[in-house]
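Per-entry structural report
Letter by letter, the chains look like this.
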Amino acid sequence: MDLLKQTAGGVGLLLADRKISSVELTADILKMTEERDEVLGCLITVDKANAMKQAQAADDLLADVGTGSLLTGVPMVVKDNISTAGIRTTCGSRMLEKYIPPYSASVYSRLQKIGAVMTGKSNLDEFAMGSTCETSALRLTRNPWDHKRVPGGSSGGSAAAVAGGLAWYALGSDTGGSIRQPAGYCGLTGLKPTYGAVSRYGLIAYASSLDQIGPMAQDAADCALVFSAAAGPDKRDSTCVQDVSGSLRAGLDKLNRDVEIVLSGGSVDKISLKGLKIAVPAVWREHALQPEIADVLEKTIKKLETAGAICSECDLPLLDESIPAYYLIASAEASGNLSRYDGVQYGSRTQAADVSDLADFYSRTRAEYLGPEVKRRIMLGTFALSSGYYDAWYLKAQRVRRLIKDYYQSLLADYDYILGPITPATAPEIGTSLEDPLTMYLSDIYTVAANLTGLPALALPCGFDKNNLPIGLQLTGRAYQDADLLRTGMAWQRETDYHLRVQQIRQLGPAEGNTNLFAGGGNEKIHQSLTGVAL
Amino acid sequence: MKDANRNELTIEEAGRVAALARLKLSDAELEAARFELARVLGHFRQLETVDTSSVEPVFNPQDSVNKLREDTAIEGLEREQLMSLTEYVKDGCLTVPRTVD
């Protein structure tokens, strides 16, 4: 399908011009999903009837000139921790394997209003706890770039669906890097918005002071369209009510118009890297970073400078400490949020016949239906909040968080953005990460600060390693300046073409019996076209 | 763990945490959890090197406290919708296993 090469905005234009219909497009993508997802494992639930109904509604909306948006009728997927009324929402857990929410997340309702078409719910690490998508109790998701490898996590199904050509964009959630890291592993663009920019009502909570919903797509322009539709005040999420979103909205409306101009072939002056002040923390140069990532980042800095940005080295204290601070806080909040799964009102429950009392009933239900990583974090969080340890662990972590937040704020008083890697290495092979949880936690070192501080952070493709796996860069911006951040992402993508490579992955799909699209498996031509090197 | 030099968790302490967390773990699982937790906490001890003596904790990025809406009724879900989320309903009430005779 040639349309797979298009971005969401590109397809949106064709739909708006009535050159294609959403009903046909959606039927095609559902067929594609059937063919591909057996291998890729992106989706936990595919709801064809819902997708076709939404496609029809989108076509009706588009027939009424001027009522659609550029996302109207464009097929997408939603991470399976975002509630969708009447459609199973599992969190990748056996605890919620049969749970059908009676209400929708605000973000899904907002997208429905503009005629979004959702084909399915995408896989994730169980309750979004994991960095590889492998802690899901329900599916194994493969990285479309190399089927031996993980797509990243926790929004791995969302990333693999976009990179694998099953959707034009996806909603993910990011508590410690869960949008940016899989976007990086899959050659996509992903935004962790400012805390409070997008309502979390209906997002099944993991860590409430860190969770945020955001877009994943092929480029920053698509992320701008999705974020613009998703963001906005919601009286049902107290972090999202105050009118901080006033300035956010004005910036987004302007950005949206600029995206439309760019998509229609026009040019916009404001999309430029010229004069941007970018802080480059020297510290990651001393950290264990895959050599190709370090290389690519140095080249990225040069490219940014050539395009007129001013990059300056800076300090970044407490980088190592951000990991314990994050894991203590996230686990503590998780232990509270997940205490609701007791088997009584909804969710799975133990069938044991010999329960001794209610506590035993709850404890058996939870032991039977929650997975190992979830239990591990609940144990850690419960410990950190328990009497006698609260001050030394939980409160200590929250104090260190203050120092990190203050430092980032002072840095962003002098600079427009902070540049960094997304991960210490490119996507690992399936089956190599879970046996050592601590090492897996440490791999989140570059992403957790954005969640601890609440700042927006954007993942952008910036190169490839020797196995042709994507490498990404991360830009962290000022609170509620998400529109500027996305604009800068668009400017980067005007200067470079790293984000375009995923088009070929989307186009190709999972070739039969092929575990690595680039090494062997009969795709020499593709490999050659991408790298200029014949195998 | 109260002793700063002790980098391990007794089986009793691990059991206490599991009980608080409402997780019924087998002896083998508890033993594994004890070591995993101790290993992670051992690493996380690096926080102790940070001076936070005059630092206020951050509980959320907006530093907001108790945002209240006006106390007026808003539309919620119907009772039937909520009760239909489980099959364990009898005479309009949720049921749990019998634990008293």
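Up top is the structure these notes are about.
In this report, the structure presented in the accompanying data block is examined. (Residues numbered from 1 in each chain as written. Chains lettered and ligands numbered in written order. Predicted model: local features only at pLDDT ≥ 70, side-chain atom pairs only at ≥ 80, totals over all residues. Heavy atoms only, no water.)

Further remarks concern the overall build of chain A. Looking only at helices and strands, one finds 19 helices and 11 strands in chain A. Taking the principal axes of its C-alpha atoms as reference, chain A extends roughly 70 × 55 × 55 Å. In chain A, which comprises 535 residues, the share counted as buried stands at 66%. Counted over contacts in chain A with a minimum sequence separation of 6, partners at least 24 positions apart contribute 75%. For chain A, the accessible area works out to roughly 17,400 Å², and carbon and sulfur atoms hold 50% of it. For chain A, the distance from the average site of its 52 positive side-chain charges to the average site of its 60 negative ones is 3 Å. (Helix = DSSP H or I, 4+ residues; strand = E, 2+ residues; numbered from the N terminus. Buried < 20%, exposed > 50% of the residue type's maximum accessible area, 1.4 Å probe, protein only. Contact = heavy atoms within 4.5 Å. Areas by Shrake-Rupley, 256 points an atom, 1.4 Å probe, with all protein chains shown as cover. Lys, Arg positive; Asp, Glu negative; His and termini not counted. Charge placed at Lys NZ, Arg CZ, Asp CG, Glu CD.)

Residue and element names in this part refer to chain A. As summarised here, the arrangement of the 11 strands in space is β1-β3-β2-β4-β6-β5-β10-β11-β9-β7-β8, forming an open sheet in which the pairing is mixed. The sheet is open, and its two edges are formed by β1 (43–46) and β8 (310–314), each paired on a single side. Adjacent strand axes in the sheet meet at a mean angle of 30 degrees when their direction is disregarded. The pairing of strand β5 (residues 189–192) with strand β10 (residues 457–464) spans 3 bridges and is classified as antiparallel. By the bridge assignment, Lys-192 is partnered in β10 with Ala-457. (Pairing = 2+ DSSP bridges. Axes fitted to C-alpha atoms, helices over the stretch in contact; angles between N-to-C directions.)

For any two helices packed against each other, the geometry comes down to the angle between their axes and how far apart the axes lie. Contact pair helix α13 (residues 372–385) of chain A / helix α2 (residues 27–44) of chain B: the axes reach a minimum separation of 10 Å and the direction vectors enclose 60 degrees. One finds that α13 of chain A runs oblique with respect to α2 of chain B. Judged by the twist between their axes, the crossing of α13 of chain A over α2 of chain B is right-handed. Facing α13 of chain A, whose interface residues are Lys-375, Arg-376, Met-379, Leu-380 and Phe-383 of chain A, α2 of chain B presents Glu-29, Ala-33, Glu-36, Leu-37, Val-40, Leu-41 and Phe-44 of chain B. Partitioned by chemical class, the residues of the contact of α13 of chain A with α2 of chain B number 8 nonpolar, no polar and 4 charged. (Parallel < 35°, antiparallel > 145°, perpendicular 65-115°, else oblique. Left-handed = near helix turned anticlockwise from the far one by under 90°. Nonpolar A, V, L, I, M, F, W, Y, C, P; charged D, E, K, R; others polar.)

Residue and element names in this part refer to chain A. The final tally for this structure, using the stated rule, is 6 cavities of 30 Å³ or more. Taken as a whole, the largest cavity encloses approximately 140 Å³ of empty space. Lining of the largest cavity is provided by 17 residues; of these, Leu-316, Tyr-408, Gly-420, Tyr-446 and Gln-474 occupy positions nearest its centre. For the lining of the largest cavity, the secondary structure elements donating two or more residues are β9 (417–421), α16 (448–453) and β11 (470–476). Broken down by element, the lining of the largest cavity gets its largest block of residues, 4 residues, from β9. (1 Å grid on protein atoms, 1.4 Å probe; cavity = no way out; pocket = protein on both sides within 12 Å on 5 of 7 lines; lining within 4 Å. Points joined across faces, edges and corners; volume = space filled by probe spheres on them.)

To continue, consider unusual backbone geometry. Residue and element names in this part refer to chain A. For the peptide bond that leads from Gly-153 to Ser-154, omega is 10 degrees, which places it in the cis range. Phi is positive for Asn-468, close to 60 degrees, though the residue is something other than glycine. Looking at the secondary structure, you find Asn-468 in the loop between β10 and β11. On the accessibility criterion, Asn-468 (8% relative accessible area) is buried. The phi dihedral of Tyr-480 is positive, around 65 degrees, even though this residue is not glycine.

Below, the discussion takes up the pattern of salt bridges. Residue and element names in this part refer to chain A. If you walk through the whole model with that rule in mind, you get 27 salt bridges over all chains. With a closest N to O distance of 3.9 Å, Arg-149 and Glu-429 form a salt bridge. Here the residue Arg-149 occupies a position in the loop between β3 (117–122) and α5 (156–163), and Glu-429 occupies one in the loop between β9 and α15 (437–442), the gap between them amounting to 280 residues. Note that Arg-478 is salt-bridged to Asp-416, the shortest N-O span being 3.2 Å. (Salt bridge = Lys/Arg side-chain N within 4 Å of Asp/Glu carboxyl O.)

Turning next to the interface of chain A and chain B. Note: interface size is frequently given as the accessible area lost on complex formation between the parts. Each partner contributes to the interface: chain A provides 72 residues, whereas chain B provides 53 residues. Surface buried jointly by chain A and chain B totals about 5,400 Å² across both partners, of which 68% is contributed by carbon and sulfur atoms. The largest share of the area that chain A buries against chain B comes from Met-379, Trp-393 and Arg-402 of chain A, three residues that together contribute 13% of it. Where Asp-63 of chain B meets Arg-402 of chain A, a salt bridge forms, and the shortest distance between an N and an O atom there is 2.9 Å. Linking chain A with chain B are 21 residue pairs in polar contact (both at pLDDT 80 or more). Those elements that provide at least two residues to the side of chain A that touches chain B are α11 (322–337), α12 (358–369), α13, α14 (390–414), α15 and α16 of chain A. Among the elements that take part in the side of chain A that touches chain B, α14 of chain A stands out by supplying 13 residues, more than any other. Split into classes, the residues belonging to the side of chain A that touches chain B amount to 38 nonpolar, 17 polar and 17 charged. (Buried area = accessible area lost by both parts, 1.4 Å probe. Polar contact = N/O pair within 3.5 Å; in protein donor to acceptor, adjacent residues only side chain to side chain.)

The subject of this paragraph is the environment of Asp-416 of chain A. Residue and element names in this part refer to chain A. Turning to its location among the elements, Asp-416 is positioned in the loop between α14 and β9. The sequence separation of Asp-416 and Leu-188 amounts to 228 residues, and the corresponding C-alpha distance is 23 Å. For Asp-416, the contacting residues outside a window of four places in its chain are Gly-275, Leu-276, Lys-277, Thr-476, Gly-477 and Arg-478. A polar contact is formed between the side chain of Asp-416 and the side chain of Arg-478, at a distance of 3.2 Å.

Next up on the list: the side chain of Ser-154 of chain A. Residues and elements named next belong to chain A. Examined against the element boundaries, Ser-154 turns out to sit in the loop between β3 and α5. Look at Ser-154 and you get buried, because its relative accessible area is 0%. With residues near it in sequence (within four places) discarded, Ser-154 still touches Lys-79, Asn-123, Leu-124, Asp-125, Ala-128, Met-129, Gly-130, Cys-133, Ser-173 and Ser-178.

Time to look at the state of the cysteines. Residue and element names in this part refer to chain A. Counting across every chain of the model gives 0 disulfides over all chains. Here Cys-133 stays free of any disulfide, with the sulfur of Cys-42 as its closest cysteine sulfur at 8.8 Å. The thiol of Cys-462 is unpaired, and the distance to the nearest cysteine sulfur, on Cys-311, comes to 12 Å. Given the relative accessible area of 2%, Cys-462 is considered buried. (Disulfide = S-S within 2.5 Å.)

Take the nonpolar core next. Of all hydrophobic cores here, the largest spans 174 residues; its most connected members are Phe-127, Trp-168, Tyr-169, Phe-227 and Leu-328 of chain A together with Phe-44 of chain B. The contacts of Phe-127 of chain A, once residues within four sequence positions are left out, are Cys-91, Ser-93, Met-95, Leu-96, Ile-204, Tyr-206, Leu-338, Tyr-341, Leu-370 and Val-374 of chain A. Residues Ala-51, Ala-55, Ala-58 and Val-117 of chain A belong to the second largest nonpolar core, which totals 5 residues. (Core = buried A, V, L, I, M, F, W, Y, C linked by side-chain atoms within 4.5 Å.)

Below, the discussion takes up the side chain of Thr-52 of chain B. As for its position among the elements, Thr-52 of chain B is in the loop between α2 and α3 (79–83). Contact partners of Thr-52 of chain B, with chain neighbours within four places excluded, come to Lys-396, Arg-399, Val-400 and Leu-403 of chain A.

Further remarks concern the environment of Arg-487 of chain A. Residue and element names in this part refer to chain A. As for its position among the elements, Arg-487 is in helix α17 (residues 482–495). Residues Arg-487 and Thr-132 lie 355 residues apart in sequence; the distance between their C-alpha atoms is 29 Å. In contact with Arg-487, other than residues within four places in its own chain, are Gly-251, Lys-254, Leu-255, Asp-258, Lys-270 and Ile-271.

Quick look at a nonpolar patch on the surface now. A surface patch of nonpolar side chains, amounting to about 240 Å² of accessible area, comprises Leu-385 and Tyr-390 of chain A together with Phe-59 of chain B. Here Phe-59 of chain B lies in the loop between α2 and α3. Assessed through its relative accessible area of 40%, Phe-59 of chain B is described here as partly exposed. (Patch = residues over 30% accessible without salt bridge, like charges linked within 9 Å, V, L, I, M, F, W, Y side chains within 5 Å.)

Taken by themselves, the reported measurements are silent on function.
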